[in-house]
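Chain and residue survey
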Amino acid sequence: MILDDFIYLDDKGIYCPYGDFYIDPKQPVPLAVISHAHADHAVSGNTEVYCTEPTAAFMQLRYGKMAAKVFNLVGWHQPFKIKDVQITFSSAGHMLGSAMILMEYQGSSYLYTGDFKLQPDATCEPIAWHKADVLITESTFADPAVLHPNPVEEIKKLNNIKINILLGAYGLGKSQRLITLINEHAPNKKILVHHKIMPLNAIYERMGYKLGAYQMYGRKLMKNQEEFVYIVPPFTFDSYIRATGVKRLFASGWKNLQVNQQDTLFISDHADWNDILEAVKQVQPQQLWTLHGDGKHLKNYYKNDIFVKILN
Ligand SMILES: [Zn+2]
Ligand SMILES: [Zn+2]
């Protein structure tokens, strides 16, 4: 029997009363299961954390000693228990170490996707599905009007730009994906990386993910026009608003983060509408619970077929 209160949102985040733990809590808690290292999912100061090895490494880099008191590192497809809830991680394909969290309790199964994507990505493990009675999905882009374009076609746009490019991107996950995409599909470009992104790249490389050619940004380099692509985190990107002699682009699935209507680079690490429908096909849930975003289109779409509950 599906328990309607198996997980619910409270002021600290997503709570499972049957295991007395939080998933991706927004404030520090005694016991947290963390899907991936993006800051909106992984806060510092939890007492005990269950997560994958890359997630712990990224959190320790960002938070140092404050990351958590105890990290329990969990491998793929290796079930563990919190109280009577059995938990299994499988890859969410969103960024290195990103996990979907399967929870099994009293004969019912609940799959929390966290952020996920289906597009191929050489910088993380491919998505690995599990069937479940309840699919708890992100609905960041759960709108039939949102279909992410092919990232390879997007990145090839860079080949038509002959001046240096300032490329804004989130430092963790997106930047590394861009480095591999540019190396493969825009090989004439010379990639420069902001110093804040370098230690993240080092973790990728330590975990066996080779990103290809890039070098740390140096002020003198960009004075020349050599088809440089300088990848910078969002705050640095914003401070270059009046830069001359460079084309500014921001890599994101969000329309409102694009520089303008002409200068777009739609590369998303989230599921679009079709991906969420595909997730439902793969997981075959009886119920769909939605988080992060807007579940109303899904509720309409599945009307009588699947019960949709909007958690946020
Ligand atoms: Zn994320
Ligand atoms: Zn997120």
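Residues numbered from 1 in each chain as written. Chains lettered and ligands numbered in written order. Predicted model: local features only at pLDDT ≥ 70, side-chain atom pairs only at ≥ 80, totals over all residues. Heavy atoms only, no water.

A word on the coordination of the zinc ion (ligand 2). Surrounding the zinc ion (ligand 2) are the protein donor atoms His41 (NE2) and Asp115 (OD), at 2.1 to 2.2 Å. In this model, the zinc ion (ligand 2) sits 3.5 Å from the zinc ion (ligand 1), the two metals being bridged by aspartate 115. Within this pair, whereas histidine 41 is found in the loop between β4 (31-33) and β5 (46-51), its partner aspartate 115 is found in the loop between β10 (108-112) and β11 (134-139), the two being separated by 74 residues in sequence. There is no split in this pair, since histidine 41 and aspartate 115 are both buried. (Donors = N, O, S within 2.8 Å, 3.2 Å for Na, K, Ca; no water. Helix = DSSP H or I, 4+ residues; strand = E, 2+ residues; numbered from the N terminus. Buried < 20%, exposed > 50% of the residue type's maximum accessible area, 1.4 Å probe, protein only.)

A few words on the packing of aromatic side chains. Per the counting criterion, the structure on display carries 18 aromatic pairs. These aromatic residues form a ring-pair network of at least three members: Phe6, Tyr18, Tyr105, Tyr110 and Trp289. We note lysine 299 situated over the ring of phenylalanine 307; from NZ or CZ to the ring centre the distance is 5.9 Å. Its end group placed over the ring of tryptophan 289, lysine 309 keeps NZ or CZ at 3.8 Å from the ring centre. (Phe/Tyr/Trp six-rings, centres within 6.5 Å; stacked < 30°, edge-to-face > 60°. Lys NZ or Arg CZ within 6 Å of the ring centre and 35° of its normal.)

Let's shift gears to the coordination of the zinc ion (ligand 1). Bound to the zinc ion (ligand 1) on the protein side are His36 (NE2), His38 (ND1), His94 (NE2) and Asp115 (OD), at distances that span 2.1 to 2.3 Å. For the zinc ion (ligand 1), the four donor atoms in the first shell make angles of 90 to 167 degrees at the metal, so the coordination geometry reads as irregular. Each donor residue of the zinc ion (ligand 1) belongs to the same chain, and together they define the spacing H-x1-H-x55-H-x20-D. (Tetrahedral: all angles 85-135°; square planar, octahedral: opposite > 155°, others 65-115°.)

Relative to the assigned elements, serine 139 resides in strand β11. Engagement of the side chain of serine 139 in a polar contact is seen with the backbone nitrogen of aspartate 294, the distance being 3.3 Å. Beyond its immediate stretch of four places on either side in the chain, serine 139 contacts Ile276, Thr290, Leu291, His292, Gly293, Asp294, Gly295 and Leu298. (Polar contact = N/O pair within 3.5 Å; in protein donor to acceptor, adjacent residues only side chain to side chain. Contact = heavy atoms within 4.5 Å.)

The complete set of buried residues in helix α4 (residues 198-206) reads Leu200, Asn201, Ile203 and Tyr204. Buried positions in α4, seen along its axis, are confined to an arc of 155 degrees and lie on one side of it. Against α1 (53-63), α3 (174-185) and β13 (190-193) lie the buried residues of α4. (Arc of directions from axis to C-beta.)

Further remarks concern the pattern of salt bridges. Evaluation of the coordinates by the stated rule reveals 11 salt bridges. For lysine 309, the salt bridge identified is with aspartate 4, shortest N-O distance 3.0 Å. Taken together, the residues span a long stretch of sequence, with lysine 309 in strand β18 (residues 307-310) and aspartate 4 in the segment before β1 (8-10) at a distance of 305 residues. The partner of lysine 247 in a salt bridge is aspartate 263, with the nearest N and O atoms 2.9 Å apart. Of the two residues, lysine 247 sits in strand β16 (residues 246-250) while aspartate 263 sits in the loop between β16 and α6 (273-283), which places them 16 residues apart along the sequence. On the basis of relative accessibility, which here comes to 14%, the residue aspartate 263 falls in the buried class. Look at the salt bridges and you will find they share partners, linking Lys117, Asp121, Lys174, Arg177 and Asp269 into a network. (Salt bridge = Lys/Arg side-chain N within 4 Å of Asp/Glu carboxyl O.)

On to the side chain of aspartate 115, then. Lysine 26 provides the closest opposite charge to the buried, unpaired aspartate 115, separated from it by 9.1 Å. At 3.2 Å, the side chain of aspartate 115 and the side chain of histidine 36 are in polar contact. A distance of 3.4 Å separates polar atoms of two side chains, one belonging to aspartate 115 and the other to histidine 94. Residue contacts for aspartate 115: discarding those within four places in its chain leaves His36, His38, His41, Ala92, His94, Glu138 and His270. (Lys, Arg positive; Asp, Glu negative; His and termini not counted.)

It is worth stressing that arrangement in space is one thing and function is another; only the former is reported here.
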